[in-house]
Amino acid sequence: MTEKDDTRDCILEAARTRFLHYGYGKTTMAEIAKDCDMSPGNLYRFFEGKLDLAEAIARKAATETMEELARAVRAPGKTATQAMRDYLFGKLRMTYTNLEKDPKIIELAQTVSAERPDFSNDMLEQERAILMEIIANGRELGEFATSDVAFTAEMIQSATMKFSYPQLWSRLTLENLERELAGVFDLVLGGLCPDRKLFAGGGGGGGMASDRQTA
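Summary of the structure given here. Nothing here was measured: the structure is a model prediction, and the numbers come from that model.

## Side note on the overall build of the chain
Working step 1: Check the secondary structure of the chain and you find ten helices and zero strands.
Working step 2: When the helices and strands of the chain are placed in sequence order, the string is α-α-α-α-α-α-α-α-α-α.
Working step 3: Counting only residues that meet the buried cut, the chain has 43% of its 215 residues in that class.
Working step 4: In the chain, the share of contacts with a sequence separation of at least 24, taken over all contacts with a separation of at least 6, comes to 68%.
Working step 5: As displayed, the chain has an accessible area near 11400 Å², and 52% of this comes from carbon and sulfur atoms.

## Let's talk about the packing of aromatic side chains
For any two aromatic rings, the description comes down to two numbers: the centre-to-centre distance and the angle of the planes.
Working step 1: Going through the model one piece at a time under the given rule, you end up with one aromatic pair.
Working step 2: For the ring pair Phe-19 and Tyr-24, a centre distance of 5.3 Å and an interplane angle of 50 degrees mean the geometry is tilted. With respect to class, Phe-19 is no different from Tyr-24; both count as buried.
Working step 3: The positively charged end of Lys-50 is found above the aromatic ring belonging to Tyr-24, 4.4 Å away from the centroid.

## A word on a negative patch on the surface
Working step 1: A contiguous patch of negative charge, built from Asp-5, Asp-6, Asp-9 and Glu-13, is present on the exposed surface.
Working step 2: If you trace the backbone, Glu-13 turns up in helix 1 (residues 3–22).
Working step 3: The partly exposed category is assigned to Glu-13, whose relative accessible area is 46%.

## Quick word on unusual backbone geometry
Working step 1: Backbone geometry places Asp-37, a non-glycine residue, at a positive phi of 55 degrees.
Working step 2: Topologically, Asp-37 is positioned in the loop between helix 2 (29–35) and helix 3 (40–46).
Working step 3: In this structure Asp-37 comes out as exposed when scored by relative accessible area, which is 75%.
Working step 4: At Tyr-165, a residue that is not glycine, the phi angle is positive and equals roughly 50 degrees.
Working step 5: Of the residues examined, Tyr-165 reaches a relative accessible area of 26% and is grouped as partly exposed.

## A few points about the packing of helix 5 (residues 80–101) against helix 9 (residues 174–192)
When two helices pack together, their arrangement is captured by the angle between the axes and the distance separating the axes.
Working step 1: Closest axis-to-axis distance for the helix 5/helix 9 pair is 11 Å, and the angle between their directions is 155 degrees. Between helix 5 and helix 9, the crossing angle belongs to the class labelled roughly antiparallel. The chirality of how helix 5 crosses helix 9 is right-handed. Two secondary-structure elements touch here, helix 5 through Thr-81, Met-84, Arg-85, Leu-88, Phe-89, Leu-92, Arg-93 and Tyr-96 and helix 9 through Leu-174, Leu-177, Glu-178, Leu-181, Ala-182, Phe-185, Leu-189 and Leu-192.

## Regarding the pattern of salt bridges
Working step 1: Within this structure, the stated rule accounts for 13 salt bridges.
Working step 2: Residues Glu-100 and Arg-171 are paired through a salt bridge, measuring 3.7 Å at the closest nitrogen-oxygen approach. With Glu-100 in helix 5 and Arg-171 in the loop between helix 8 (149–159) and helix 9, this residue pair connects regions lying 71 residues apart in the sequence.
Working step 3: By sharing partners, the salt bridges in this structure join Asp-52, Glu-55, Arg-59, Arg-116 and Asp-122 into a single network.

What counts and how
Residues numbered from 1 in each chain as written. Predicted model: local features only at pLDDT ≥ 70, side-chain atom pairs only at ≥ 80, totals over all residues. Heavy atoms only, no water. Helix = DSSP H or I, 4+ residues; strand = E, 2+ residues; numbered from the N terminus. Buried < 20%, exposed > 50% of the residue type's maximum accessible area, 1.4 Å probe, protein only. Contact = heavy atoms within 4.5 Å. Areas by Shrake-Rupley, 256 points an atom, 1.4 Å probe, with all protein chains shown as cover. Phe/Tyr/Trp six-rings, centres within 6.5 Å; stacked < 30°, edge-to-face > 60°. Lys NZ or Arg CZ within 6 Å of the ring centre and 35° of its normal. Patch = residues over 30% accessible without salt bridge, like charges linked within 9 Å, V, L, I, M, F, W, Y side chains within 5 Å. Salt bridge = Lys/Arg side-chain N within 4 Å of Asp/Glu carboxyl O. Lys, Arg positive; Asp, Glu negative; His and termini not counted. Charge placed at Lys NZ, Arg CZ, Asp CG, Glu CD. Axes fitted to C-alpha atoms, helices over the stretch in contact; angles between N-to-C directions. Parallel < 35°, antiparallel > 145°, perpendicular 65-115°, else oblique. Left-handed = near helix turned anticlockwise from the far one by under 90°.

Below, the structure is given as structure tokens:
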């Protein structure tokens, strides 16, 4: 990494610490600059404004989450049904836990999503890419029956949107959210799997009961 990269990372970490402690609205660029032992003018050489800092932080966090989920679903020996289940439930648990641990992330996420719609669209595209990979693999193995991988991924994403960063949509407990996701996932499998009994390890009532018990 270059010295410029190091400085940029230092700024992002200082901004993240401020945002999570005081909130996005109560944090100023001058305070972030002071935390980095630099002048506000120098800080503006790296980021044009506070919203740019917030977007960079949100993009980094979301990308890291997607990369971790992608590694999990690509683990060897999984059926496509298991990979789909692990992706959807894994995303719910990770994002729910992160928002509960740092509740001021909600303000940050809402601000970035409202002010920078391209950010939300880019993150949705990353999620769809993972879903498309799982669905394509399931179709190749004869596990999923679908003629349009991209459309199917888009519809599954739409059907499970509530379970991505769930505190933005509701105040349900994780247990209740997992119960709802289990029902939605069961319906999704009903449309995807021509013979679900062949893949009992990944879906149906048994798989969903296991998810609820291990939450």
